[in-house]
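Residue-level structure breakdown
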Amino acid sequence: MKKNLIVGQSGGPTAVINGSLYGVVTEAMRHTEEIDEIYGMINGIEGFLNGHMMDMRSLIETNELSLLRTTPGSYLGSCRYKLPEDLNDPVYPLLFNKFTSHGIGYFFYIGGNDSMDTVDALSQWAKANNIDKRFVGIPKTVDNDLMVTDHCPGFASGAKFANEVVNATWLDYNVYTREEVFILETMGRDAGWLAGSTVVTGRVDLIVLPEVDFDKEKFLAQVKKCMDEKGKCYIVTSEGAHYADGTYIAAGEAVNDGFGHAVLGGAGENLKNMILEAGIAPRAKVQDLSTAARSSNFAQSLVDVTEAFELGMSAHSRSADGKFTGHVVAVQREYVDGRYNAKFISGPAENFANHVKHVPVEWILPDYQGLTQEFYDYITPLIQGEPTLIMENGIPKTIVPFNKR
């Protein structure tokens, strides 16, 4: 008996999140003997609760489906909705009644840590109530902080963009002979993968990561040393860098984002003020990458685009197994004849949810001096290549978002 499929996106977008959506949808379209309708969940689980869905097959009729693969942003919209921990909460039967009324047998959720928690909770409720529906997670996050998977789709493109910005701004601020500090702030609430990735350029002098408690005096001493030696200092900081007591460096902290996480921004500005107030440099500039690192499809990594798509396909293919539910697909790194290769694996959603994968402390050099060769070797294969983009009026052509039609 045919069943319907629904796929949604949750949390912050990435430059390749729609690549995974494209993978799920195109693979589902190949299995007409098993899949009937293919629905898109508008604004994630929250939108679904309000009855917001769309027919994904309609994108074929408008010849737009292929544009999904390289369009940044979450095409279906997103949400930051956390399901209750109490599985006796009335929201669960409400959701499952909706699944049943729409004939949905397959549920795919593309997202980060908290999204995998949603997959885990739904699969647990289904199991407890003997309901035959399959719940599958597909990872994404520019922060690269999901456990189990070697890396997350979206991170490599964000890292590629960050390195391109570092290289360009380093050349820019070095045109003058004046003494100057340049500070680049990247995303990364709990983990410093994105900030750390900028070591690829060889341009960065100091890197401030959440994995190492911030020591103001030690940091300023390193900035002064760099200024004394070169008259310049290029610094990269994660937005989530913090002191030993957990207080964020960020000047603009607010709580919360719907999941109880601090909404960050301002770490770079605060470092700038420290440096100027200490009289270490007469001038300092701050560049905040913010959401640009997760939405710049003109700087996508071909490896990233390809893996995002193939993970979406892998998720659907695995769901053909009736026992495959409550799982998340992931990437396992391997080397074939000395060359990087991605092997696709899977694991229980509970192993992905509510955990944070940090940059290994043994990969972090002391005194903000950067990262080891192991980190360099980790990131370099992931940022290789560029996808062929369809251009229109001189800029990449993208699919029109569902809510702008």
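Reading the values: the criteria
- Residues numbered from 1 in each chain as written.
- Predicted model: local features only at pLDDT ≥ 70, side-chain atom pairs only at ≥ 80, totals over all residues.
- Heavy atoms only, no water.
- Helix = DSSP H or I, 4+ residues; strand = E, 2+ residues; numbered from the N terminus.
- Rg over C-alpha atoms; globule rule 2.2 N^0.38 Å.
- Buried < 20%, exposed > 50% of the residue type's maximum accessible area, 1.4 Å probe, protein only.
- Contact = heavy atoms within 4.5 Å.
- Areas by Shrake-Rupley, 256 points an atom, 1.4 Å probe, with all protein chains shown as cover.
- Lys, Arg positive; Asp, Glu negative; His and termini not counted.
- Charge placed at Lys NZ, Arg CZ, Asp CG, Glu CD.
- 1 Å grid on protein atoms, 1.4 Å probe; cavity = no way out; pocket = protein on both sides within 12 Å on 5 of 7 lines; lining within 4 Å.
- Points joined across faces, edges and corners; volume = space filled by probe spheres on them.
- Nonpolar A, V, L, I, M, F, W, Y, C, P; charged D, E, K, R; others polar.

Notes on the overall build of the protein
Along its length, the protein carries 12 helices and 15 strands. The C-alpha atoms of the protein give a radius of gyration of 22 Å, which matches the 22 Å a tight globule of 405 residues would have. Principal-axis analysis of the C-alpha atoms places the extent of the protein at approximately 75 × 50 × 45 Å. Relative to its 405 residues, the protein shows a buried fraction of 56%. Summarising the internal contacts of the protein: among those between residues at least 6 apart in sequence, 75% fall at separations of at least 24. Summed over all atoms, the accessible surface of the protein reaches about 16800 Å², with 48% contributed by carbon and sulfur. Of note, the protein has its 35 positive side-chain charges centred 4 Å away from the centre of its 52 negative side-chain charges.

With respect to empty space enclosed by the protein
Counting across every chain of the model gives one cavity of 30 Å³ or more. One number sums up the size of the largest cavity: a volume of about 40 Å³. Lining the largest cavity, in full, are H31, E34, I35, Y106, H316, S317, S319 and A320. Classifying every residue of the lining of the largest cavity gives three nonpolar, four polar and one charged.

Geometric values such as these leave the question of function open.
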